[in-house]
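Geometric and topological summary
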Amino acid sequence: MDEPYRVAGDVHVLPSQMIVPGVGSIPINAFVILSEHPVLVDCGLGNDEPEFIEALGSVIDPADLAWIWLTHDDGDHTGSLETVLRLAPTARLATHGLGALRLNTSWSVPLDRVHALAEGDRLDVGDRVLRALRPPTYDNPMSTGIFDERSKTFFSVDSFGAILQESYRDVADVPEEELLGGMVAWATFDSPWLQLVGRERTAAVLEGVRALGAEQVLSSHLPPAVGRVDALLDVVAGVPDAAPFVAPDAATFDAIVAGMAPAGTSSD
């Protein structure tokens, strides 16, 4: 993991990345909202767990968390969830109810601590209200984003992600060509159905996001974006016309795995 840092006032980013040799770096972000009743948004990658717990502890004592908002039950968002629930024994788990039930098939989720979320629900965290939203693009129908009505921050889950070439703390630092190519690559991989619904329907959904009046976007898979909402929406609007994502074949996959192996070892 990378070092945590503060963004959007009282929000801290717990950043990591998944490096895919020959492809690039996929940002993996969790967030801590230091509201009156503090909220952890997502729990990172499982293989980062020791570092994730240390990073979380550098921002807040996990025991002080009131809420864990799990945006969806994919592995790059649930990694340290079981441990965090143990370290935060009074925290409630806010998530899609069916996602909680699906997680419960892998390990014993404390279902009595689950606060099931539906689109449009509002969660009062003391000094602000967090509104549950369906993100405009997603790879998991359980995906539940957040709009912080006080700070005008949109926690967009997988939407607006990008495959980049290195780690950044601010989307403004990403070269435009790298950002455009990385966002299109991510969206065609993560939400291939955009090319089925077409530009017109995609544009209608994106207008709903524009109407939020968000001033910053905090994506699970992009560096924080302040004041760039329209530009991000414009990139996603063009994805239905992009070339489809092509999955790696066996030879390409073997090359990726070989690139991930520590020096001096074999992937065989």
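Note: the structure precedes this text.
Residue numbers here run from 1 along each chain, matching the order of that chain's written sequence. Residue-level local features of this predicted model are given only where pLDDT is at least 70; pairs of side-chain atoms are given and counted only at 80 or more, and the full residue set underlies all totals for whole chains, interfaces and linings. Remark: hydrogens and water are excluded; side-chain values derive from all non-hydrogen atoms of the structure.

1. Considerations on helix α5 (residues 176-190)
With 15 residues, α5 ought to run about 21 Å at 1.5 Å a step, and its terminal C-alpha atoms sit 21 Å apart, in line with that. For every residue, the accessible area obtained with a 1.4 Å probe (protein chains only) is divided by the maximum for its type, and the residue is called buried under 20%, exposed over 50%, and partly exposed between those limits. By definition, any uninterrupted DSSP run of H or I lasting at least four residues is a helix, any uninterrupted run of E lasting at least two residues is a strand, and each is numbered from the N terminus. Buried residues of α5: Glu178, Leu179, Gly182, Met183, Trp186, Ala187, Thr188 and Asp190, and no others. Only heavy atoms matter for contacts: two residues are in contact if any of them lie within 4.5 Å across the pair. On its buried side, α5 packs onto β3 (24-33), α6 (194-210) and α7 (229-237). By this rule the span expected of a helix is its residue count minus one, scaled by 1.5 Å.

2. Thoughts on the sheet that holds strand β12 (residues 216-218)
Backbone-to-backbone hydrogen bonds join strands into a sheet, with any given pair of strands oriented parallel or antiparallel. Strand order in the open sheet made by the 6 strands is β8-β9-β10-β11-β12-β13, with mixed pairing throughout. A single partner strand is all that each edge strand has here, and the edge strands are β8 (122-124) and β13 (225-226). Paired strands, in this sense, are two strands between which DSSP finds at least two bridges. Pairing geometry for strand β10 (residues 145-148) and strand β11 (residues 153-155), over 3 bridges, is antiparallel. Residue pairing across strands places aspartate 148 opposite threonine 153, the latter belonging to β11.

3. Some points on the pattern of salt bridges
Salt bridges, as used here, are contacts in which a Lys or Arg side-chain nitrogen is within 4 Å of a carboxyl oxygen on Asp or Glu. Counting across every chain of the model gives 13 salt bridges. Measuring nitrogen to oxygen at the nearest pair gives 3.5 Å for the salt bridge that ties arginine 150 to aspartate 127. Here arginine 150, found in the loop between β10 and β11, pairs with aspartate 127, found in the loop between β8 and β9 (129-133); they are 23 residues apart in sequence, far enough to count as distant. On the accessibility criterion, arginine 150 (47% relative accessible area) is partly exposed. With its nearest N and O atoms 3.0 Å apart, the salt bridge here joins arginine 210 to glutamate 207. Taken together, the residues arginine 210 and glutamate 207, both in helix α6 and 3 residues apart, mark about one turn of the helix. Among the charged side chains, a salt-bridge network with shared partners connects Asp10, Asp127, Arg128, Asp148 and Arg150.

4. Quick look at the side chain of glutamine 216
Take glutamine 216: it is sitting in strand β12. A residue is classified by how much of its surface remains accessible, and glutamine 216, at 11% relative accessible area, is buried. Polar contact criterion, stated in full: a pair of N or O atoms within 3.5 Å, where within protein one must be able to donate a hydrogen and the other to accept it, and residues adjacent in sequence count only if both atoms are side-chain atoms. A polar contact of 2.7 Å, which involves the side chain of glutamine 216, links it to the side chain of threonine 153. Apart from the residues lying within four places of it in its own chain, the contact partners of glutamine 216 are Ala8, Ser151, Lys152, Thr153, Phe154, Ala225, Val226 and Val229.

5. Remarks on the sheet that holds β3
The strand order across the open sheet formed by 7 strands is β1-β2-β3-β4-β5-β6-β7, and the pairing between neighbours is mixed. The two strands at the open ends of the sheet, each matched to only one other strand, are β1 (5-7) and β7 (114-117). The average undirected angle you get between the axes of adjacent strands in this sheet is 30°. In this sheet, β3 lies alongside strand β2 (residues 11-20) in antiparallel orientation, the contact comprising 10 bridges. Considered in β3, the bridge of histidine 12 is made with valine 32. A fitted line through C-alpha atoms serves as each axis, taken over the contacting stretch for helices, and the angle formed by two N-to-C directions is quoted from 0 to 180°.

6. Looking at the packing of aromatic side chains
Pairing of aromatic side chains requires ring centres within 6.5 Å, counting the rings of Phe and Tyr and the six-membered ring of Trp. Pairs whose planes differ by under 30 degrees are stacked, by over 60 edge-to-face, and all others tilted. Tallied over the entire structure, the rule returns 4 aromatic pairs. A centroid spacing of 5.4 Å and a plane angle of 75° characterise the contact between phenylalanine 31 and phenylalanine 155, whose relative ring orientation is edge-to-face. Note that phenylalanine 31 is positioned in strand β3 and phenylalanine 155 in strand β11, a separation of 124 residues in sequence. Judged by relative accessible area, which is 3%, phenylalanine 155 ranks as buried. Here the aromatic residues Trp186, Phe189 and Phe245 are joined through ring pairs into a cluster of three or more.

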